[in-house]
Amino acid sequence: MKENIIINQLPTRTWNRLGVNETALPWNIAETTDLGSDTVTAPQAEPVRFDIQGEGDYSCRTIQIEAPAKTSVTVFEIFHADRALAVDTKITAGESSVVRLIQISDTEEGSTLKNHMESDCEANSRIELIQIIAGKGDFYSDSYCALRGDGSSLKADIGYLGRKEQIIDLNLVVDQFGKKTESEINASGALKDSARKIFRGTIDFKKGSAGSVGNEQETVLMLGDDVSNKTVPLILCAEENVVGNHGATIGSLDDETLFYFESRGIGKETAEDILARAALERLARAAGDSEALAIVEKQLGGTENV
Amino acid sequence: MADTKEKSYVEDIDRSVYDIRDEEHDAYRMQEGLTPAIVDQLSKEKNDPVWMQQFRLQSLQIYNEMPLPDWGPSIEGLDIDHIATYVRPNTKMQNDWKNVPQDIKDTFERLGIPKAERKSLAGVGAQYDSELVYHNVRDEVAAEGVVYTDMESALKGEYADMVHKYFMKLVTPHDHKFAALHGAVWSGGSFVYVPKGVHLSIPLQSYFRLNAKGAGQFEHTLIIVDEGASLHFIEGCSAPKYNVANLHAGCVELFVKKNAHLRYSTIENWSKNMYNLNTKRALVEEGGTIEWVSGSFGSHVGCLYPMSILKGDNSRMEFTGVTFAGAGQNLDTGAKVVHAGKNTSSYMNTRSISKSGGISTFRSSVVVEKNASGAKSSVSCQSLMLDSESRSDTIPAMDIRTKDASIGHEAKIGSISDDAVFYLMSRGMSEEDARALIVSGFADNVSKELPLEYAVEMNNLIRLEMKGSIG
């Protein structure tokens, strides 16, 4: 029997009528197939890949990434699902370690992907998170990072393309405990048709996080007549000596950009397609992995299929 | 950035002007609490028309059925069973200061209201506890057909139908628990009607003073600016500090008709035992403009988010605000806008300052409805933390349902730049003055929008807040 599980909770609530405080996701916990768990321990000379394929109506998989002091590791998680799949990733980043996690959705229309990531960073460690939401299924993602150690950092890059009735529901919370910690969150994407997206991004400067910096930026290209976008960028601050910034730009193709394309013989529709693909292709290239790029290209198809 | 810095000690505001208490010799003080009998009694005391009696009781029922909000600052210290919802001063409303009882008149003199009236206002309403004690409008303004009167007179006089038509239609008792409370126990406030095409070149002002200990103030302000007319309305408020909670749950409803313009300015300086749970809303029709200018300095807990509904095509709103949260204060402020018409625009520009353990939260929502094509919105909020005992949070939300919109948002949080302080000190300023100047400059988005006298008062408030010894 399905029950509503509460995910993607804002760290501090706001007006309920906005529908952003949390998400209730119907899930059949009793009939969820456990696909097991894996542990990756750094160092790893080559990137570690997980092609996670859902099984049955509901399935779940757990990945643990452990990076002891002064090690580094790159992990690819590729989500293939045609029904409901939950993936839970836990990262422990030891002192001066570097963990790169690249998550790519390669899901089918009508599927549901529930992604949960939790990470803990010791001094001078760094997590680089890339989320490429290329799949056509609904995508729910709840990510948390605790920058506990002094000098630790998180860089998160999120790209998406919402199509048809797709739901993209994202929550990323960074708690900055240590001194001189850094967070940088960039979310960028496009919405077509009747796609719905929520992005909640929170930078929380805890007391004692002196010298820390946090930046958050979101750009949303609205392309469909029935699209819906909700953006909730929070900065919470209990420390004086910090700098936090967030910005958001939401809208259709602006006249200046359109003029740029048209002056090069590219029409509005093609320009929109190019920009809709751009956020995902840029991240796939940044991931430095040909397979990742191939998945994105497969999901996006040719320009005319975007 | 250095890990630790030499700290400046900053004193709290000298509130002596605001903290003077008058002896309570009220004509009537309702028993504390909130029951149907109390609401009924209040209605009788005010000689309400039948529809208002029923409205109050219906609002009470809604209040009792509604939960407290599960977001925002804690209001645990507020117990409605210990609030007197109606306190009538021992005087009738006057239109000449000479006839106002001496102690009440002295209080308003100290607050500078009669002087401001003589110098720069078209009309003044002064509320003391639950009722207006003074209301007057200049003859030449009245001659243009401008109506500026107390709500009770409007409710029963020649504007009764107009009040019935508009009263709590924009902010209904179903809106939230404290709107329902307001509907049940409202008293006092002002009614303003500016006829078509009339432009008031100088502002009207209402001032609300809550003197009674453990009491609530629930004034209702209803303003209708008719087609092509314009008005600047100024609202001020203060109270002496007590060791028990006081409550302010006023309600402001603004109707801005086609091509009309309304500026609504507020300098809020309630005492720091006050729970300020106020609701303000404007409905703006085609080509109309609402401008909010808001300075929040007082209150123990404040929740204030003026809302603008841009219903008409080409309507627009601007919100300019500053919030200063000091010791013992939790001020949750911001604004809300709904873009419903086509080619509407909104602009929010806020500053918040936290010090001495104060908590300042900027909270906003921008909603663009599906049919609101051509909507433009820009939100800019900046927060300044003066120490690490304080908190400053920014909680904006945007809900955009049309592709044909241009929405921008930016927020920044930080501390006073050491370089800026050093620069000013190198030119002969003390550190204290340098920091005060920087904070005043930080808040100049509001002060430059106020009439000169009020801008000076606001800058004085900031300077007093910043005054202290350096250590």
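Residues numbered from 1 in each chain as written. Chains lettered and ligands numbered in written order. Predicted model: local features only at pLDDT ≥ 70, side-chain atom pairs only at ≥ 80, totals over all residues.

## A short note on the overall build of chain A
Here comes step 1: Along its length, chain A carries three helices and 18 strands.
Here comes step 2: For 306 residues, the compact-globule estimate of 2.2 N^0.38 gives 19 Å, and the C-alpha radius of gyration of chain A, at 19 Å, lies within 12% of that figure.
Here comes step 3: Dimensions along the principal axes, computed over C-alpha positions, put chain A at roughly 50 × 45 × 45 Å.
Here comes step 4: Looking at chain A as a whole, 54% of its 306 residues qualify as buried.
Here comes step 5: Restricting the contact set of chain A to residue pairs at least 6 apart, pairs at least 24 apart contribute 82%. (Helix = DSSP H or I, 4+ residues; strand = E, 2+ residues; numbered from the N terminus. Rg over C-alpha atoms; globule rule 2.2 N^0.38 Å. Buried ≥ 20, exposed ≤ 12 C-beta atoms within 10 Å, placed from the backbone. Contact = placed C-beta atoms within 7 Å.)

## Looking at the overall build of chain B
Here comes step 1: Across its full length, chain B carries 13 helices and 25 strands.
Here comes step 2: Relative to the compact-globule value of 23 Å for 471 residues, chain B shows a C-alpha radius of gyration of 22 Å, a close match.
Here comes step 3: Across its three principal directions, the C-alpha atoms of chain B cover 65 × 55 × 50 Å.
Here comes step 4: Within chain B, the fraction of its 471 residues that count as buried is 58%.
Here comes step 5: Long-range contacts, defined here as pairs at least 24 residues apart, represent 83% of the contacts in chain B between residues at least 6 apart.

## Side note on the UniProt feature "domain: SUF system FeS cluster assembly SufBD core" (unreviewed entry) in chain A
Here comes step 1: Listed under "domain: SUF system FeS cluster assembly SufBD core" (unreviewed entry) in the UniProt record, and renumbered for this structure, are residues 53-278 of chain A.
Here comes step 2: Along residues 53-278 of chain A one finds 8% helix and 60% strand; the C-alpha atoms at either end are 26 Å apart. (UniProt positions renumbered as here; feature names shortened; annotations may be inferred.)

## Thoughts on the environment of Gly216 of chain B
All names here are of chain B.
Here comes step 1: Tracing the backbone shows Gly216 in strand S8 (residues 216-217).
Here comes step 2: By the C-beta count within 10 Å, which is 31 here, Gly216 ends up buried.
Here comes step 3: A C-alpha to C-alpha distance of 23 Å links Gly216 and Ile359, two positions 143 residues apart in sequence.
Here comes step 4: When neighbours within four sequence positions are excluded, Gly216 is seen to be in contact with Ile83, Ala84, Thr85, Asn246, Leu247, His248 and Ala249.

## Regarding helix H2 (residues 268-287) of chain A
Residue and element names in this part refer to chain A.
Here comes step 1: If you check H2, its first and last C-alpha atoms are 29 Å apart, about what 20 residues at 1.5 Å a residue would give, namely 28 Å.
Here comes step 2: By the burial criterion, the buried members of H2 are Glu272, Asp273, Ala276, Arg277, Ala279, Leu280, Leu283, Ala284 and Ala287.
Here comes step 3: Immediately downstream of H2, the backbone of Gly288 shows phi near 70°, a positive value. (Expected span 1.5 Å × (residues − 1).)

## What about the pairing of strand S7 (residues 84-93) of chain A?
Residues in a regular strand project their side chains so that they alternate between the two faces of the sheet.
All names here are of chain A.
Here comes step 1: With seven of ten residues buried, S7 is to be regarded as a mostly interior element.
Here comes step 2: Taken together, the ten bridges between strand S5 (residues 58-67) and S7 define a ladder with parallel strand orientation. Directly across from Ala67, in S7, lies its bridge partner Ala93.
Here comes step 3: Pairing geometry for S7 and strand S9 (residues 112-121), over ten bridges, is parallel. Looking across to S9, one finds that Leu85 is bridged to Leu113. (Pairing = 2+ DSSP bridges.)

## Points about the UniProt feature "domain: SUF system FeS cluster assembly SufBD N-terminal" (unreviewed entry) in chain B
Here comes step 1: Per the UniProt record, "domain: SUF system FeS cluster assembly SufBD N-terminal" (unreviewed entry) is found at residues 49-205 of chain B.
Here comes step 2: As a span, residues 49-205 of chain B carries 38% helix and 17% strand, and end to end its C-alpha atoms are 27 Å apart.

## So, the UniProt feature "domain: SUF system FeS cluster assembly SufBD core" (unreviewed entry) in chain B
Here comes step 1: On the UniProt side, "domain: SUF system FeS cluster assembly SufBD core" (unreviewed entry) is annotated at positions that read residues 208-442 of chain B here.
Here comes step 2: Each end of residues 208-442 of chain B is marked by a C-alpha atom, and these two atoms are 28 Å apart; helix forms 9% of the span and strand 57%.

## Here's the deal with unusual backbone geometry
Here comes step 1: For the peptide bond that leads from Ala42 of chain A to Pro43 of chain A, omega is 5°, which places it in the cis range.
Here comes step 2: Checked against the element boundaries, Pro43 of chain A lands in the loop between strand S3 (32-41) and strand S4 (48-53).
Here comes step 3: In the Ramachandran plot, Lys180 of chain A falls in the positive-phi region, its phi being about 50° despite a non-glycine side chain.
Here comes step 4: Its location among the elements puts Lys180 of chain A in the loop between strand S13 (167-176) and strand S14 (182-191).
Here comes step 5: For Lys180 of chain A, a count of 21 C-beta atoms within 10 Å translates into the label buried.
Here comes step 6: Positive phi, close to 85°, is recorded for Ser299 of chain B, a residue that is not glycine.
Here comes step 7: Residue placement: Ser299 of chain B occurs in the loop between strand S16 (289-296) and strand S17 (301-304).

## Concerning the interface of chain A and chain B
Here comes step 1: Taken residue by residue, the interface counts 39 residues in chain A and 35 residues in chain B.
Here comes step 2: Counting residues per element, the ones that place at least two in the side of chain A that touches chain B are strand S17 (228-237) and strand S18 (243-251) of chain A.
Here comes step 3: Among the elements that line the side of chain A that touches chain B, the one with the most residues is S17 of chain A, at ten residues.
Here comes step 4: Across the side of chain A that touches chain B, the residue classes break down as 17 nonpolar, 15 polar and seven charged.
Here comes step 5: Where S18 of chain A and strand S25 (residues 405-415) of chain B come together, eight bridges link them in antiparallel fashion. Its bridge partner being in S25 of chain B, Ile250 of chain A is matched across the sheet by Ile407 of chain B. (Nonpolar A, V, L, I, M, F, W, Y, C, P; charged D, E, K, R; others polar.)

## Remarks on helix H11 (residues 431-442) of chain B
Here comes step 1: Under the 1.5 Å per step criterion, the end-to-end length of H11 of chain B is 16 Å for twelve residues, consistent within 8% with the ideal 16 Å.
Here comes step 2: Listed as buried for H11 of chain B are Ala434, Arg435, Ala436 and Val439 of chain B.

## Overview of the domain arrangement of chain B
Here comes step 1: When the domains of chain B are assigned, the result is domain 1 (16-304) and domain 2 (418-471).
Here comes step 2: Just the C-alpha atoms count here: the centres of domain 1 of chain B and domain 2 of chain B sit 31 Å apart. (Domains from an automatic or database assignment.)

## Considerations on the nonpolar core
Here comes step 1: With 218 residues, the main nonpolar core has Ile132 of chain A together with Val192, Val256 and Leu262 of chain B as its most contacted residues.
Here comes step 2: If you count residues domain by domain, this core takes at least three from each of domain 1 (16-304) and domain 2 (418-471) of chain B.
Here comes step 3: The residues contacting Leu262 of chain B, other than those within four sequence positions of it, are Ile223, Val225, Leu231, Phe233, Leu254, Val256 and Ile290 of chain B. (Core = buried A, V, L, I, M, F, W, Y, C linked by C-beta atoms within 7 Å.)

## Concerning the environment of Leu181 of chain B
Residue and element names in this part refer to chain B.
Here comes step 1: With respect to the helices and strands, the residue Leu181 is situated in helix H9 (residues 177-185).
Here comes step 2: Here the alpha-carbon distance between Leu181 and Phe218, two residues 37 residues apart in the chain, equals 8.7 Å.
Here comes step 3: Beyond its immediate chain neighbours, meaning those up to four positions away, Leu181 contacts Tyr63 and Ala249.

## Points about the confidence of the model for chain B
Residue and element names in this part refer to chain B.
Here comes step 1: Here chain B averages 89 in pLDDT, and 91% of its residues register 70 or above.
Here comes step 2: In the model, residues 1-11 has pLDDT below 50 throughout and makes 21 contacts with residues more than four positions away in sequence or in other chains.
Here comes step 3: Across the whole predicted complex the pTM is 0.93, and at the interface the ipTM reaches 0.95. (pLDDT = per-residue confidence, 0-100.)

## Examining the packing of helix H2 (residues 36-45) of chain B against helix H3 (residues 50-65) of chain B
Residues and elements named next belong to chain B.
Here comes step 1: Close contact between H2 and H3 brings their axes to 10 Å; oriented N to C, the two are set at 155°. As far as their axial angle goes, H3 and H2 are roughly antiparallel. Like other packed secondary-structure pairs, H2 and H3 cross with a definite hand, here right-handed. Residues Pro36, Val39 and Ser43 of H2 touch H3, and the partners they reach there are Met52, Gln53, Arg56, Leu57 and Leu60.
Here comes step 2: Here the contact of H2 with H3 is composed, by residue class, of five nonpolar, two polar and one charged. (Axes fitted to C-alpha atoms, helices over the stretch in contact; angles between N-to-C directions. Parallel < 35°, antiparallel > 145°, perpendicular 65-115°, else oblique. Left-handed = near helix turned anticlockwise from the far one by under 90°.)

## A word on the pairing of strand S24 (residues 391-400) of chain B
Here comes step 1: Summarising burial for S24 of chain B: ten of the ten residues are buried, a large majority.
Here comes step 2: The side-chain alternation of S24 of chain B yields two buried faces, one formed by Arg391, Asp393, Ile395, Ala397 and Asp399 of chain B and the other by Ser392, Thr394, Pro396, Met398 and Ile400 of chain B.
Here comes step 3: Pairing analysis gives six bridges linking S17 of chain A to S24 of chain B, with the strands arranged antiparallel. Following the sheet pairing, Cys237 of chain A is matched in S24 of chain B by Ser392 of chain B.
Here comes step 4: Pairing of strand S22 (residues 359-368) of chain B with S24 of chain B involves ten bridges; the strand directions are parallel. Note that in S24 of chain B the partner of Ser365 of chain B across the bridge is Ala397 of chain B.

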